[in-house]
Amino acid sequence: MSKFLDERYSGLAAYVPGEQPQDKKYIKLNTNESPFPPSEEVLKAVNESQIELLRLYPDPDGRVLTKKLADYYGVKPSQVFLANGSDDILNFAFMAYGANGRKSYFADITYGFYSVFANLHLSDYTEIPLEKDFNIDVNKFCGVDGIVFIANPNAPTGIALSLNEIEKIVKSNENNIVVIDEAYVDFGAESAVKLVDKYSNLLVVQTYSKSRSMAGARLGFAIGSEEIINDLHKLRYSTNPYNINRLTLVAGEKTIDSQSYYDDNCKKIIEARSYTKTELEKLGFSVLDSKANFLFAETDKIDGGELYLKLKEKGILVRHFTSERIKNFNRITIGTQEQMECLVETIKDILEGN
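Rules behind the numbers
- All residue numbers here refer to positions counted from 1 along the written sequence of the relevant chain.
- pLDDT decides what is reported in this predicted model: residues at 70 or higher carry local features, side-chain atom pairs at 80 or more are listed and counted, and totals for whole chains, interfaces and linings draw on all residues regardless.
- To obtain the side-chain values, all non-hydrogen atoms of the structure were included, while hydrogens and water were left out.
- Strands are runs of DSSP state E lasting at least 2 residues, helices are runs of H or I lasting at least 4, and numbering of each runs from the N terminus.
- The rule is simple: take the accessible area with a 1.4 Å probe, protein chains only, and divide by the maximum for that residue type; under 20% is buried, over 50% is exposed, in between is partly exposed.
- Whether two strands pair comes down to DSSP finding at least two bridges between them.
- The contact rule is simple, with two residues in contact once any of their heavy atoms fall within 4.5 Å.
- Lines fitted to C-alpha atoms define the axes here, with helix axes fitted over just the stretch in contact, and angles between the N-to-C directions of these axes take values from 0 to 180 degrees.
- For Phe, Tyr and Trp, where Trp contributes only its six-membered ring, two rings pair if their centres lie within 6.5 Å, and the inter-plane angle classes them as stacked under 30 degrees, edge-to-face over 60, or tilted in between.
- Charge-over-ring placement is defined geometrically: NZ (Lys) or CZ (Arg) within 6 Å of the ring centre, and within 35 degrees of the ring normal.

**Let's talk about unusual backbone geometry**
- Cis peptide bonds are those with omega within 30 degrees of zero, and the linkage from N152 to P153 qualifies with 0°.
- Tracing the sequence through the fold places P153 in the loop between β5 (147-151) and α6 (163-172).
- Residue N32 is not a glycine yet carries a positive backbone phi of 60°.
- Of note, N32 is situated in the loop between β1 (27-28) and α1 (40-45).
- On the accessibility criterion, N32 (1% relative accessible area) is buried.
- At R218, a residue that is not glycine, the phi angle is positive and equals roughly 60°.
- The topology assignment puts R218 in the loop between β7 (202-207) and β8 (220-224).
- Accessibility expressed as a relative area gives 30% for R218, which makes it partly exposed.

Shown next, in the form of structure tokens:
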């Protein structure tokens, strides 16, 4: 850290991404990426003629993609905001509605970037503890005095709130923005997009990184009232108006055109998730009820950190967390059926050897 860094940021604890090791080939079940490639339509669209156009700036408003998303979700284009990954949107939301001493609220066990952004923007934030069963107590998020962030399904637990529970939170906070972070919604939860025309304080955030197989392209979007979307555009045009490259925009458009392919992939992941949960429980694991493309599991037969290391030695990456309440858990991304069968057999071998 240099002596020139502003003292406001000297103590900042940065977000730690999941491992992306280069030393050997792993079965990667640690960063919730899709095991499936983009659709054929996407692969064909990102072609030589599009690459030649990289000499030109992209459309700063991404109008074609914005219109396709608006039509798909049944909203107006003016209610859609595009960004360089959903993290950009979360950053803007903290900047716009929770910065410089303004209050923000989120769970104590949830997406790790919330606390990072809160500290970055000097938000007066409160982490509301999850219940003993790792569920969110909806009542604790009702009628608060600041912006609310809810990951639904939650990460790393995978547990989802119902749409009625989400609506209760939004309705009770009419003077505050409520951000519903739906990175994993396509794997079994219900989206709050259908509530955006009913509540002007609701912002729904989604990503192409999980169900739409584009983690490496960096594309996210948000849907909300025109007023909130205009706020986000003001911040974007004040920082980086050309925030999405041409190839990503084209890939995003063709993804919507081939949505049925991604819907089928989600079904395969849900089936593999069910298989994996059942098999882990047979091995004595406690597995939370996930509506995401991962499982959160622990066992008293082996320490969570030890299991993570032994799996890594055998070429399988999962995500281990070290905070006190969840240090015996591992988060396991759902890959293909074959990958999950390999995981189960490897865990069996580890437990027998242990």
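**As for the sheet that holds strand β12 (residues 319-320)**
- A sheet is described by the order of its strands in space; here 4 strands give the open sequence β9-β10-β13-β12, paired in antiparallel fashion. On the outer flanks of this sheet lie β9 (286-287) and β12, each paired with one strand and no other.
- Bridging between β9 and strand β10 (residues 294-298) involves 2 bridges; their strand directions are antiparallel. Opposite S286, over in β10, you have E298 as the bridge partner.
- Those strands touched by helix α9 (residues 259-282) are β9, β10 and β13 (330-333), and its axis lies near 5° from that of β10.

**Observations regarding the packing of aromatic side chains**
- Going through the model one piece at a time under the given rule, you end up with 19 aromatic pairs.
- Both rings, one in Y111 and one in F113, keep their centres 6.0 Å apart while their planes meet at 75°; by these two values the pair is edge-to-face.
- Exposure remark for F113: the relative accessible area of 17% places this residue in the buried category.
- Judged by centre distance (5.6 Å) and plane angle (85°), the rings of Y111 and Y114 are edge-to-face.
- Linked through ring pairs, F94, F106, Y111, F113, Y114, F117, Y125 and F149 together constitute an aromatic cluster.
- Here K268 stacks its cationic end above the ring of F36, 5.4 Å away from the centre of that ring.

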